[in-house]
Amino acid sequence: MADSDAAAVPNGNPAAGSLAASSKLSLSQKLGNSLSFLKRNKSSKDTSRADKLRQDIDFIEHTWPPEKLYEYYGATTEGGLSSAQVLQNRAKYGPNSLTPPATTAWWIKYLMCYADVFMILLLVGGVLCFVAFGIDTSDLTNLYLGVVLVLVVVISATFGYYTESKAEGVMEGFKKLVPKKCKVLRDGNIVILDAAELVPGDVVDLGDGDQVPADIRILTVSDMKVDNSSLTGESEPQDRYPELARDSNGKPITTPLEAVNLCFFTTIVTSGSGRGMVIGTGDRTVMGQIAGLAQESSGESKTQFQKEVDTFIKLISVLAITIGVVFILIGVLVAKADVIEMVVFAIGIIVGTVPEGLLVTLTVSLSLSARNMYAKNVLVKGMSSVENLGSTTVIASDKTGTLTQNRMTVQHAWYDGVLVTVPAARNKPQLAAAMRPGVLKGPIFKPQASSAVWDETWQKLQMVATLCNNSRFVVTDPDDDSKAPLNLEKEKENPDFNMLSLVCTGDASESGLIKCVELLRSVEEYNAANPKIHEIKFNSTNKWQLSIHRPEDAAAQHPIMVLKGAPERVLRMCTHIMLKGERVPMDDHWQAKYNEAYESLGAMGERVLGFAYREMDEVAMDYPFTNKPESNFQYDNLTFVGLMSLIDPPREGVKEAVEKCKRARIKVFMVTGDHPITAQAIAKQIGIIDEDKYASGKAIVIKGDDIRDWMDIEDPVAARAKWDWALDHEQIVFARVSPAHKLLIVENCQRRGENVAVTGDGVNDAPALKKANTGLAMGISGKDVSKEASDMILMDDNFASIVNGIEEGRVIFDNLKKSIAYTLASKFPEQIPFLMYVAANFPLAISTILILTIDLGCDMVPAISLAYEPKEADIMARPPRNPAVERLVSRRLISFSYFQIGLMQTASGFLAFMAIMWDYGYNWDTLIGLGINWSKFPMICTVGTSGYGFQTRTCGFACEEPKGALYDSFGDGYGFCETGCQVPFSGTSDAFVEFSEFGFRGFPNGLGVEATCGRTCNWWRGLGANATEFIRQNNIFRARVAAGVVDVNNPFGYSPEAEYALMLSDAENTQFEQYCNTANADQYGFPGRGLANSDVDKAPQGGFWWWNGLPQYWPNLENQQSVLQMAQSAYFLGVVVARWADLLICKTRTETIFRQGMRNKVLNFALLFETFIAAAVVYIPPLNTVFNTRPPPVMYICCGIPFFIFIFIYDELRKMRIRRKPRGWVERNTYW
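Rules used throughout
- Per-chain numbering applies: the sequence of each chain, read as written, is numbered from 1 onward.
- Where totals are concerned, whole chains, interfaces and linings use all residues; where local detail is concerned, this predicted model gives features only for residues with pLDDT of at least 70, and gives and counts side-chain atom pairs only at 80 or more.
- The basis for every side-chain value is the complete set of heavy atoms in the structure, and neither hydrogens nor water enter the calculation.
- Going along the chain from the N terminus, every DSSP run of H or I of four or more residues is numbered as a helix, and every run of E of two or more is numbered as a strand.
- The classification of residues rests on relative accessible area computed with a 1.4 Å probe and restricted to protein chains. Under 20% of the type maximum is buried, over 50% is exposed, and intermediate values are partly exposed.
- To be clear on the numbers: accessible area is Shrake-Rupley with a 1.4 Å probe, and residue cover counts the displayed protein chains and nothing else.
- Here, a strand pair is defined by DSSP locating no fewer than two bridges between the strands.
- Here the term right-handed applies to a crossover when the path leading from its first strand over the helix to its second strand runs clockwise, the strands being oriented away from the viewer.
- What counts as a ring pair is set by centres within 6.5 Å for rings of Phe, Tyr and Trp (its six-membered ring), and what kind of pair is set by the plane angle: stacked under 30 degrees, edge-to-face over 60, tilted for all other angles.
- For salt bridges, the criterion is a side-chain nitrogen of Lys or Arg within 4 Å of an Asp or Glu carboxyl oxygen.
- On a scale of 0 to 100, pLDDT captures the predictor's confidence in every residue.
- By definition, residues are in contact when any of their heavy atoms lie within 4.5 Å.
- Helix axes are fitted only over the stretch in contact, all axes being lines through C-alpha atoms; the angle between N-to-C directions runs from 0 to 180 degrees.
- The disulfide criterion used throughout: a pair of cysteine sulfur atoms within 2.5 Å.
- The labels follow the angle: roughly parallel below 35 degrees, roughly antiparallel above 145, roughly perpendicular from 65 to 115, and oblique for the rest.
- The hand of a helix crossing depends on one turn: near helix anticlockwise from the far one by less than a right angle means left-handed, and clockwise means right-handed.
- All residues other than Ala, Val, Leu, Ile, Met, Phe, Trp, Tyr, Cys, Pro, Asp, Glu, Lys and Arg, Gly among them, are scored as polar; the first ten of these are nonpolar and the last four charged.
- Expected helix span is taken as 1.5 Å per residue step, with the number of steps being one fewer than the number of residues.
- Two N or O atoms count as a polar contact when they lie within 3.5 Å, although within protein this holds only if one can serve as hydrogen donor and the other as acceptor, and sequence-adjacent residues are included solely when both atoms are side-chain atoms.
- In this description, the arc belongs to the directions extending from the helix axis to the C-beta atoms.
- Definition of nonpolar core: a set of buried residues of the types Ala, Val, Leu, Ile, Met, Phe, Trp, Tyr and Cys, connected through side-chain atoms within 4.5 Å.
- Note on patches: the residues involved have over 30% relative accessible area and no salt bridge, like charges join within 9 Å, and the nonpolar side chains Val, Leu, Ile, Met, Phe, Trp and Tyr join within 5 Å.

A. Highlighting the overall build of the protein. Assigned secondary structure in the protein consists of 49 helices and 30 strands. Counting every position in the protein, which comprises 1232 residues, the buried fraction comes to 55%. Surface accessibility of the protein: about 51,500 Å² in total, with carbon and sulfur atoms responsible for 56%.

Here it is in structure tokens:
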């Protein structure tokens, strides 16, 4: 860049200077525009920041000459920055620290767990229960109900907060990566400073093992290599140079992550040393950009599963509130019921509509599944991600360490003109097995030419690979000095020993070589027998390594030179090639053979090394070798022995796991920073790319440069079309991608409706892990940042564990649907009694406390037990679920649970309820209209005969309790007429009460006279001529009774005037004459007394109080209430019996239970548990008071058995039809 460019840099921003100097936007600067379609519903400021973070970082300083760099930042080559310049630069660029995200206090997060429609609804219900109890402390039911509702809310919120609080320490993980100290040139002196004190322009010295303290432009180096694996995923350390490298077209490679003259914040210098200038600090570093992406691209706060549950609960809550409010209005305005009573009733509606135990069931079920996944080496951090993983449609997997073993292993060798396979054996028995004919395809290396003769060329290749190698096995435990070293010679014979997993010193390639040759001869022994005399280490200039050894042959007079390195460099130093143990000249024929082999191995994505040797006949064994200042010996005229190729091989089981994904219609994308050829080779080995798919254009390898080209497109629609074109391929490998690219891959997949699971182990993976629907970090090789950003951690770093997790996720989705189907089926038999209570004023068939007993007592364990149900056989043969079609709570599931199974359970409950009521004398048609006042007033009923014996004919309520000073003076202890004045004994009469000896007087409609309740002397005096008519009708009735012509079923139906038959008898008229002519006449009777409730059915003429199946002359409100409680208990038991069948049919969705079996021991226990809870609530005396139950005879439980059988047979037939006719009407409408 010209010097004039420096003057064009405004405000000290190099990127701005670049813009000013160029009329064209750079690729990275255009990224924000091209990605604007990806971010919606955000402010322009947030969108700008998000788009900027997705750009390649805006460094251009690495393209400047050193002089301009020093001038720009105000530094000098001799002194670095001055103290004054440091202050200016710090004020200008800020500190070398990452900006922490905004945080929320834990107690606010906890309180937010209560800010949910469902929670608020139950809390309001609990408060109203306490209010109702405060008004009427005699009824403890409201107190118990309020306590239970509040406890449900507190427990659910607390448990939810504890289990669902995801790790918030992503920035803490980044902070752990920040280097502590560094060597800096300031004011002409080398000083050691905290990395946080660095500013752009500081000159920093880096050495072997140092952690890079900022983004640094390299100025001078000495064989320097940097481990960039945490940023780029490259497993090999990368060389650093002061100048930019160039591509095949001769153009400089300026992309920051691929620039060889940049070192990045938090990476490690693995070898060599260098000096560089800080050009990026804090947030303006590659690491800072990744940290910003990790915060900004945190993905959806809720999974699809959570959204579906929330939507369902909101809908059901709104429905419950609506029903409750509507029926409060109906009860108060139409039925004239008490407001508080109707509020308590509304609570019952809400409790009966909302599945209180659903959240606890889901949470416990997901926790159980998380435990199961841990057993499969998947650690779950957020429980809802368990099911979310099961819905995965795309897996974007890292290559190194996940699909591969993260260790270089020798795969092939070329010698004697033949390309052979080298088995990657873990021990000697496995090597022997692999060498058997037919085990491996194609030519195999042969350490022995025959059973007795060693293959001489291979022996030379083995010698060079062993001796020209500084890697050694680590056989001691670094954490335990007292532990005995590993006996490698002994362990190699163990068929269970895995030598490939041993840790080695040295780089990955040398480690792979010694693991290849160790099984043939001990590396330690080989080196001891051939001691090293001299060595030239590998460097980036030579690209080879050389060592000189004393041969183990005691007769040898001269040392031997061995050399390995880049094949083209090694071949250049060779004049001969070894064939069949003989040294022959290297001619064009063998040069062509070599080229063919080299290209074949390179096409397979393998790293190729060349090997050569020479017997140094020109020097003696004690020759003083040196290479300083120059080598004093020749290292040409070598003999080329052969090639060895290494690759990070696929993990065991990965190929099978990928095949399993294909059967499950899950796409597997490889996303790596590695070379495209290497990535493609591994992808083909494990089945991510199939040869036929690649040949037909259905598989593709997309490079990072391709993505940059798409980012260069100005039109967002056109850019999106490019992504759609790429993602339409069935099989995809992304190679040489940056962290921002990986994030774009995830976002574009999600835009297309995919459910994306992403794997990662490096810092660079954190943004994509946060954005993905399910982020999976590596437990062994993963950095803390990636673990904190993820939803799950693979404890064994194995791709196969992901597939196991997906299978478990599908199982838990299946089982959660089963739990929900079972739970919701109880809602219908809980709601219908309340709806009938208000709509038809029918006595309440089940109490609110019994509803809670079903939801939180009987149903909880059975619902959770379904989470233990074994998987169905086709679980991984199904396509991933489409949330738009197959929801957790679907229309078909609601139809099945509510209107099919729920209806049958309701019928079971009502059969038991009416059986009790019938046997105690109450016919179903007589109960309509009596529900609201059932517990307040004694009920008067007429009786008649039927085919089943005596039954009630009509029922109703009579007079209110007497009021006035006369009656109140008796006090509560006497209770005069507390529940209605007593009926006169047979043959007697009391003119002032509402009963005659033939029963209730009735409420006549004619003659304008109605004084059944308020019978006083004034009323009698005002009868006039009507008194004579009343007496006449009474005499007629008595005559009919005496003659035996009264119809028992309709005793007053003989004449319209018979409604006056019990109003006044001759004897009662005499009583009125006697009492009403005394001085205290006004004290007799019931002045002002009216109906108990004018808006309910009036008591019928000739009726009696009724209980225990017989007419009674004395009222007993307590017994009347006991009958209802017994009937409610029978309803409760009838529903529970039917729910036995519901639990059994929910074990499977399509399979017959006879095939699934009863292997679920937890479910078997749940059946017993549910039965015990129901029986205890009804039949254990202390619990009767708490739950307001009365024990019905056991025979009434049998009312539920026919429905148990019917439900079971109905569902078996339904499933059989689905199996026999897939996609038929039954499946389309009932498969949930």
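B. Structural context of the pairing of strand E22 (residues 756-760). When you tally the buried positions in E22, you get five out of five residues, the bulk of the element. In E22, alternate side chains face the same way, and those of Val-756, Val-758 and Gly-760 on one face and Ala-757 and Thr-759 on the other are all buried. Pairing geometry for strand E9 (residues 394-397) and E22, over three bridges, is parallel. What sits directly across from Val-394, in E22, is Val-756. Across four bridges, E22 lies against strand E23 (residues 774-778) in parallel orientation. Looking at E23, one finds that Thr-759 is bridged to Leu-776. Traced from E22 through helix H31 (residues 766-771) to E23, the parallel crossover comes out right-handed.

C. The packing of aromatic side chains, seen in detail. This model, assessed by the stated rule, comprises 36 aromatic pairs. Measuring from ring centre to ring centre gives 5.0 Å for Phe-992 and Phe-1072, while their planes differ by 65°; the resulting arrangement is edge-to-face. With Phe-992 in the loop between helix H40 (971-974) and strand E27 (995-996) and Phe-1072 in helix H43 (residues 1066-1076), this pair connects stretches of sequence that are 80 residues apart. On the basis of relative accessibility, which here comes to 8%, the residue Phe-992 falls in the buried class.

D. Highlighting unusual backbone geometry. If you check the backbone angles, Thr-266 has positive phi at about 80° while not being a glycine. Structurally, the position occupied by Thr-266 is in the loop between strand E6 (262-263) and strand E7 (268-280).

E. Quick look at the pattern of salt bridges. In this structure the tally under the stated criterion is 40 salt bridges. Two residues, Glu-258 and Arg-708, come together in a salt bridge whose shortest N-O distance is 4.0 Å. Here the residue Glu-258 occupies a position in the loop between strand E5 (238-239) and E6, and Arg-708 occupies one in helix H28 (residues 704-711), the gap between them amounting to 450 residues. Between Glu-518 and Lys-492 there is a salt bridge, and its shortest N-O distance comes to 3.0 Å. Pair noted here: Glu-518 is in the loop between helix H21 (508-517) and helix H22 (523-529) and Lys-492 is in the loop between helix H20 (488-491) and H21, with a separation of 26 residues, a long-range link. Judged by its relative accessible area of 2%, Glu-518 falls in the buried class. Given a relative accessible area of 1%, Lys-492 falls into the buried group. A single salt-bridge network, built from bridges that share partners, covers Asp-724, Asp-728, Arg-751 and Arg-752.

F. View of the pairing of E23. Counted residue by residue, E23 has five buried out of five residues, so it is predominantly covered. Here E23 shows a buried face lined by Thr-774, Leu-776 and Met-778 and a second buried face lined by Gly-775 and Ala-777. Note: E23 against strand E24 (residues 792-794), three bridges, orientation parallel. Looking at the pairing, Leu-776 lines up with Met-792 of E24.

G. Looking closely at the confidence of the model for the protein. Counting all residues, the mean pLDDT for the protein is 82, and 87% of those residues have values of 70 or more. Within the model, the stretch residues 1-47 combines pLDDT values under 50 with 77 contacts to residues more than four positions away or in other chains. Per-residue pLDDT stays below 50 along residues 166-174; that stretch engages in 27 contacts with residues further than four places along the chain or on separate chains.

H. Structural detail: the sheet that holds strand E20 (residues 699-703). Spatial strand order, E8-E24-E23-E22-E9-E19-E21-E20: eight strands in an open sheet with mixed pairing. The sheet terminates laterally at strand E8 (378-380) and E20, the two strands that pair on one side only. If you compare each strand with its neighbour and ignore which way they point, the axes differ by 20° on average. Across four bridges, E9 lies against strand E19 (residues 667-671) in parallel orientation.

I. Molecular detail of the state of the cysteines. Counted under the stated rule, the structure contains three disulfides. Covalent S-S linkage joins Cys-941 and Cys-955, the inter-sulfur distance amounting to 1.9 Å. Disulfide Cys-941-Cys-955: the torsion about the S-S bond is 115°, which places it as right-handed. One end of the pair, Cys-941, is in strand E25 (residues 940-946); the other, Cys-955, is in strand E26 (residues 949-956), with 14 residues separating them in the sequence. Both residues of the pair, Cys-941 and Cys-955, belong to the buried class. What pairs with Cys-1017 in a disulfide is Cys-1076, and their sulfur atoms sit 2.1 Å apart. Disulfide Cys-1017-Cys-1076: torsion about the S-S bond near -90°, hence left-handed. Residue Cys-1017 is located in helix H41 (residues 1017-1021), and its partner Cys-1076 is located in helix H43; the two are separated by 59 residues in the primary sequence. Each of the two residues, Cys-1017 as well as Cys-1076, counts as buried.

J. View of the packing of helix H37 (residues 891-919) against helix H48 (residues 1201-1220). Remark: H37 packs on H48, axes separated minimally by 10 Å, with the N-to-C direction vectors making an angle of 160°. In terms of orientation, H37 and H48 fall into the roughly antiparallel class. The handedness of the crossing between H37 and H48 is right-handed. Each of Phe-896, Gln-900, Ile-901, Met-904, Gln-905, Ala-907, Ser-908 and Leu-911 in H37 lies in contact with H48, whose residues at this interface are Phe-1203, Phe-1206, Ile-1207, Tyr-1210, Asp-1211 and Arg-1214. Here the residues of the contact of H37 with H48 sort into nine nonpolar, three polar and two charged.

K. Quick peek at helix H46 (residues 1161-1179). Relative to the 27 Å expected for 19 residues at 1.5 Å per residue, H46 spans 27 Å between its end C-alpha atoms, a close match to the ideal helical length. Leu-1163, Ala-1166, Leu-1167, Glu-1170, Ile-1173, Ala-1174, Ala-1176, Val-1177 and Val-1178 are the residues of H46 that are buried. The secondary structure elements touched by the buried residues of H46 are helix H33 (799-824), helix H35 (848-858), helix H36 (860-865), helix H44 (1117-1145) and helix H47 (1181-1187). Measuring from the backbone nitrogen of Val-1162 back to the side-chain oxygen at the start of H46 gives 3.2 Å, which picks out Asn-1160 as the cap.

L. Fine view of the packing of H44 against H46. Remark: H44 packs on H46, axes separated minimally by 10 Å, with the N-to-C direction vectors making an angle of 180°. What the angle tells us is that H44 and H46 run roughly antiparallel. Touching Ser-1129, Phe-1132, Leu-1133, Val-1136, Arg-1139, Trp-1140, Leu-1143 and Leu-1144 of H44 are Leu-1163, Leu-1167, Glu-1170, Thr-1171, Ala-1174, Val-1178 and Tyr-1179, all from H46. For the contact of H44 with H46, the class distribution of residues is eleven nonpolar, two polar and two charged.

M. Highlighting H48. Its 20 residues place the ends of H48 29 Å apart at the C-alpha level, agreeing with the 28 Å of an ideal helix rising 1.5 Å per residue. Listed as buried for H48 are Phe-1203, Ile-1207, Phe-1208, Asp-1211, Glu-1212, Arg-1214, Lys-1215 and Ile-1218. Axial view of H48: buried residues confined to an arc of 165°, hence all on one face. Check the buried side of H48 and you find it contacts H37, H44, helix H45 (1153-1156) and helix H49 (1225-1230).

N. Representation of the nonpolar core. Membership of the largest hydrophobic core comes to 157 residues, with the highest contact counts inside it found for Met-670, Ile-688, Phe-799, Phe-913, Met-917, Tyr-922 and Phe-1132. Aside from chain neighbours lying at most four places away, what touches Phe-913 is Phe-842, Pro-843, Leu-844, Ala-845, Leu-1124, Ala-1127, Gln-1128, Ala-1130 and Tyr-1131. Counting 39 residues, the second-largest nonpolar core is a separate cluster that includes Tyr-415, Leu-467, Met-499 and Cys-516.

O. Here's a closer look at the side chain of Ser-471. Along the polypeptide, Ser-471 turns up in the loop between helix H19 (456-467) and H20. From its side chain, Ser-471 meets the backbone oxygen of Thr-505 in a polar contact 2.5 Å long. Ignoring any residue separated from it by four or fewer positions in sequence, one finds Ser-471 in contact with Cys-504, Thr-505, Gly-506, Glu-510, Ser-511 and Ile-514.

P. The environment of Val-147, seen in detail. By secondary structure assignment, the location of Val-147 is in helix H9 (residues 141-164). Separated by 17 residues in the primary sequence, Val-147 and Phe-130 place their C-alpha atoms 8.3 Å from one another.

Q. Representation of a nonpolar patch on the surface. There is a patch of nonpolar side chains on the surface, built from Trp-106, Trp-107, Ile-108, Leu-111 and Met-112 and spanning about 570 Å² of accessible area. Residue position: Leu-111 is located in helix H7 (residues 106-112). Exposure remark for Leu-111: the relative accessible area of 47% places this residue in the partly exposed category.

R. Here's a closer look at the environment of Asp-925. Along the chain, Asp-925 turns up in helix H38 (residues 924-927). Put simply, Asp-925 and Thr-952 are 27 residues apart on the chain and 9.3 Å apart in space, counted from C-alpha to C-alpha.

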